[in-house]
Amino acid sequence: MYLAIILLLMLVLPLGSVAAEAHWSADANVVFLVGKWFVFWGVGLRLLVASLKQIINPAFTAETIFGVTDHKAQALVQEIGFGNLSIGMLGIFSLFEPRWIVPAAITACLFYGLAGLKHLLERPRKRSRKIAMFSDLWLFFVLAFYLSAAFFQNA
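Residues numbered from 1 in each chain as written. Predicted model: local features only at pLDDT ≥ 70, side-chain atom pairs only at ≥ 80, totals over all residues. Heavy atoms only, no water.

Caption draft 1: The overall build of the protein chain, seen in detail. A tally of helices and strands in the protein chain yields six helices and zero strands. Secondary structure elements of the protein chain, listed N to C terminal, follow the sequence α-α-α-α-α-α. For 155 residues, the compact-globule estimate of 2.2 N^0.38 gives 15 Å, and the C-alpha radius of gyration of the protein chain, at 16 Å, lies within 12% of that figure. The buried share among the 155 residues of the protein chain stands at 42%. Carbon and sulfur atoms provide 72% of the accessible area of the protein chain, an area that totals close to 8,700 Å². (Helix = DSSP H or I, 4+ residues; strand = E, 2+ residues; numbered from the N terminus. Rg over C-alpha atoms; globule rule 2.2 N^0.38 Å. Buried < 20%, exposed > 50% of the residue type's maximum accessible area, 1.4 Å probe, protein only. Areas by Shrake-Rupley, 256 points an atom, 1.4 Å probe, with all protein chains shown as cover.)

What follows is the structure, given as structure tokens:
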């Protein structure tokens, strides 16, 4: 289930949204659409879903992602959830305020890049951590591409 949600929110739905909007709009800027839809789905909804899981059921993240069974870690996971909720809401609201796409992309690119690097450097990795690592690094590279392309288009 975790893998299916990740694939939907970080690959299928953003690419489908880019393709659909590009098809409907003759003068679509594909770089803008990549930013718009990957920020909305991959940042906004992905982090909203993760944050709700972390806030409501912190034991799941503590145990399945971090491998920590100590009950005291759950308070830290909830605080991580509050941060994820904040970034996720910025990603969601960027759909309604396009000027927020770049700030959301910068924030999420840094977040996903650092999280992905941390996962990459840790050994051994369980399946859930590998999924987190690949999805974090994937979105880092997508957002880095978008930010680079957007910068050079506006330069």
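Structure's up, so let's keep going.
Caption draft 2: Expanded view of the packing of aromatic side chains. By the definition in use, this model includes six aromatic pairs. With a centroid separation of 5.3 Å and 65° between ring planes, the pair formed by Phe 111 and Tyr 112 is classed as edge-to-face. Put simply, the rings of Trp 37, Phe 40 and Trp 41 touch in pairs and so form one group of aromatic residues. Taking the ring centre of Phe 60 as reference, the NZ or CZ of Lys 53 above it sits at 4.5 Å. (Phe/Tyr/Trp six-rings, centres within 6.5 Å; stacked < 30°, edge-to-face > 60°. Lys NZ or Arg CZ within 6 Å of the ring centre and 35° of its normal.)

Caption draft 3: How the structure looks around the environment of Val 68. You can see Val 68 is positioned in the loop between α3 (58-65) and α4 (73-93). Contact partners of Val 68, with chain neighbours within four places excluded, come to Ala 62, Glu 63 and Ala 73. (Contact = heavy atoms within 4.5 Å.)

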